[in-house]
Amino acid sequence: MNDTQFKAWRVAEQDGSYYGSEQVLGIKDLPEGEVLIKVSHSSLNYKDALSASGNKGVTRSFPHTPGIDAAGEVIESATGAPAAGSKVIVTGYDLGMNTDGGFGEYIRVPSAWCVPMPAGWEAETAMIYGTAGLTAGLCVQKLLRMGAGPEQGRVAVSGASGAVGSVAVELLAKLGFDVVAISGKADHAESLKKLGATEVVGRDVLADNKKPMLRPEFANAVDTVGGSPLAELLKQIKPGGSVSCCGLVAGPQLQTTVLPFILRGVNLLGVDSVEIPLADKEAVWKKFAEDWKCPTIEASAKRIGRTDLDDALSAFLKGESAGKIVLDHKA
Ligand code: NDP
């Protein structure tokens with residue numbers, strides 16, 4: 001097996017710039033680890049775009065194979081669990097950050113990173129959801145655990161056309177919520193309505209506003225953008241409502257006052273999909289395979305090959321990416 005060669009989309013550094021290209025590697029080039037996996041599919045995430053553009057907060061050294069998500073078949077297993085021949089999903093932990101990731105046809109990882117594929121699912125389906133879907137599921141789960149319900153009023157989703165946002169829109173709509181999709185892409189209003197949004201509004205509803213509090217518009221929210229839009233969203237949450245916060249495309253800074261928290265009892269809920277226990281990931285994957293299935297997301301996901309990665313990752317950095325994108329190593 002060690003002599004086997006495979007293809008990977010690898011990023012190299014040259015004079016401070018970063019370039020991705022297809023390379024041929026050997027299994028022996030992979031990092032040490034317990035489980036060797038033949039990856040059939042990966043999924044594209046904002047973090048992959050950061051890694052591929054040389055963001056040292058994500059990936060310290062190059063050359064490197066990005067891809068924070070991978071799904072495929074176990075080829076060798078030092079621990080026996082997962083067993084050779086079984087199908088698995090690997091997302092988060094260090095995959096694709098400083099451990100070669102799913103943009104290569106093989107990965108080698110600790111067994112503690114491997115979730116068994118839910119019954120009836122194929123690798124491609126798992127990667128349609130990917131880390132973004134998992135994160136959307138965790139955001140919704142946190143809202144539900146705080147007691148959020150459709151009867152309380154409209155739920156907002158920011159960055160609605162993005163990978164996390166689009167899954168959150170369809171899942172919340174499926175659960176019976178009135179979903180207000182907040183999106184900067186006017187031409188995506190129709191596709192957001194197909195996902196189940198009852199209203200689509202522009203990002204201007206979260207534009208900087210000097211007032212310390214605003215009219216309470218939303219019972220609860222999923223925020224995927226962070227920065228000043230999140231601060232503005234907090235001012236518009238109804239008493240006792242909650243906001244799940246998972247992203248930073250609008251910036252990592254959060255400048256707010258304590259007023260939403262002490263005047264309206266608003267809850268700000270942090271969501272991490274990367275370092276949480278494997279069992280928590282497994283529970284959300286099972287839900288997506290069963291009662292949280294999002295048929296529109298599954299039908300509308302875009303399939304790409306390794307040669308399309310450059311353009312697809314650049315779109316993330318420009319805020320132009322939309323919906324879910326799956327990397328098929330056979331494409
Ligand atoms: P995408 O790029 O697919 O989506 C982000 C969306 O945010 C865009 O499509 C756009 O939607 C909107 N947007 C982009 N730039 C801006 C801006 N400057 N101001 C306001 N809105 C903007 O990314 P993902 O959905 O994959 O990820 C979203 C965030 O979640 C990222 O920050 C990512 O790092 C984070 N994340 C966190 C995870 C965790 O474990 N906490 C896991 C996965 C992702 P529109 O045009 O519709 O407004």
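Residues numbered from 1 in each chain as written. Predicted model: local features only at pLDDT ≥ 70, side-chain atom pairs only at ≥ 80, totals over all residues. Heavy atoms only, no water.

Q: Which residues make up the packing of helix H2 (residues 123–145) against helix H3 (residues 163–174), and what values do they have?
A: In the contact formed by H2 and H3, the axes pass within 8 Å of each other and the chain directions differ by 50°. One way to sum up the angle between H2 and H3 is to call them oblique. Crossing hand, H2 versus H3: right-handed. Contact residues: H2 offers Tyr129, Ala132, Gly133, Thr135, Ala136, Gly137 and Val140, while H3 offers Ala163, Val164, Val167, Ala168, Leu171 and Leu172. When grouped by side-chain class, the residues that make up the contact of H2 with H3 number 10 nonpolar, three polar and no charged. (Axes fitted to C-alpha atoms, helices over the stretch in contact; angles between N-to-C directions. Helix = DSSP H or I, 4+ residues; strand = E, 2+ residues; numbered from the N terminus. Parallel < 35°, antiparallel > 145°, perpendicular 65-115°, else oblique. Left-handed = near helix turned anticlockwise from the far one by under 90°. Contact = heavy atoms within 4.5 Å. Nonpolar A, V, L, I, M, F, W, Y, C, P; charged D, E, K, R; others polar.)

Q: If you had to explain the domain arrangement of the chain to someone new, which residues and values would you point to?
A: It is common to give the size of an interface as the accessible area lost on bringing the parts into contact. Parsing the chain into structural domains produces domain 1 (5–117 + 301–328) and domain 2 (132–270). Its C-alpha centre places domain 1 at a distance of 30 Å from the equivalent point of domain 2. Listed as interface residues are nine residues of domain 1 and, on the opposing side, 12 residues of domain 2. Here domain 1 and domain 2 share an interface that buries about 690 Å² over both sides, 59% of which is from carbon and sulfur atoms. There are zero salt bridges connecting domain 1 and domain 2. At the junction of domain 1 with domain 2, the criterion picks out four residue pairs in polar contact (both at pLDDT 80 or more). (Domains from an automatic or database assignment. Buried area = accessible area lost by both parts, 1.4 Å probe. Salt bridge = Lys/Arg side-chain N within 4 Å of Asp/Glu carboxyl O. Polar contact = N/O pair within 3.5 Å; in protein donor to acceptor, adjacent residues only side chain to side chain.)

Q: Tell me what's going on with the packing of aromatic side chains, and back it up with residues and numbers.
A: All told, the structure shown has eight aromatic pairs when counted by the stated rule. Ring geometry for phenylalanine 288 against tryptophan 292: centres 5.7 Å apart, planes inclined by 70°, an arrangement best described as edge-to-face. No difference in accessibility class separates phenylalanine 288 from tryptophan 292, as the two residues are buried. One aromatic cluster in this structure is built from Trp121, Tyr129, Trp285, Phe288 and Trp292. Between lysine 281 and the ring centre of tyrosine 93, over which it is positioned, the NZ or CZ distance is 3.4 Å. (Phe/Tyr/Trp six-rings, centres within 6.5 Å; stacked < 30°, edge-to-face > 60°. Buried < 20%, exposed > 50% of the residue type's maximum accessible area, 1.4 Å probe, protein only. Lys NZ or Arg CZ within 6 Å of the ring centre and 35° of its normal.)

Q: Help me get a handle on the site of the ligand, residues and values and all.
A: The environment of the ligand is formed by 27 residues, the closest being Ser161, Val164, Ser183, Gly184 and Ser273. Serine 161 places a polar side-chain atom, nitrogen or oxygen, 2.7 Å from an oxygen atom of the ligand. In this structure, glycine 184 approaches the ligand through a main-chain N or O atom, which is 2.8 Å from an oxygen atom. Coverage of the ligand by the protein chains reaches 87% of its 910 Å² of free accessible surface. One can see that the ligand is located within the largest pocket. For the shell around the ligand, the secondary structure elements donating two or more residues are H2 and H3. Residue classes in the shell around the ligand are distributed as 12 nonpolar, 12 polar and three charged. When residues are assigned to domains, the shell around the ligand turns out to be shared by domain 1 (5–117 + 301–328) and domain 2 (132–270), each giving three or more. (Near = heavy atom within 4 Å. Areas by Shrake-Rupley, 256 points an atom, 1.4 Å probe, with all protein chains shown as cover. 1 Å grid on protein atoms, 1.4 Å probe; cavity = no way out; pocket = protein on both sides within 12 Å on 5 of 7 lines; lining within 4 Å. Sits in = over half its atoms within 2 Å of the grid points.)

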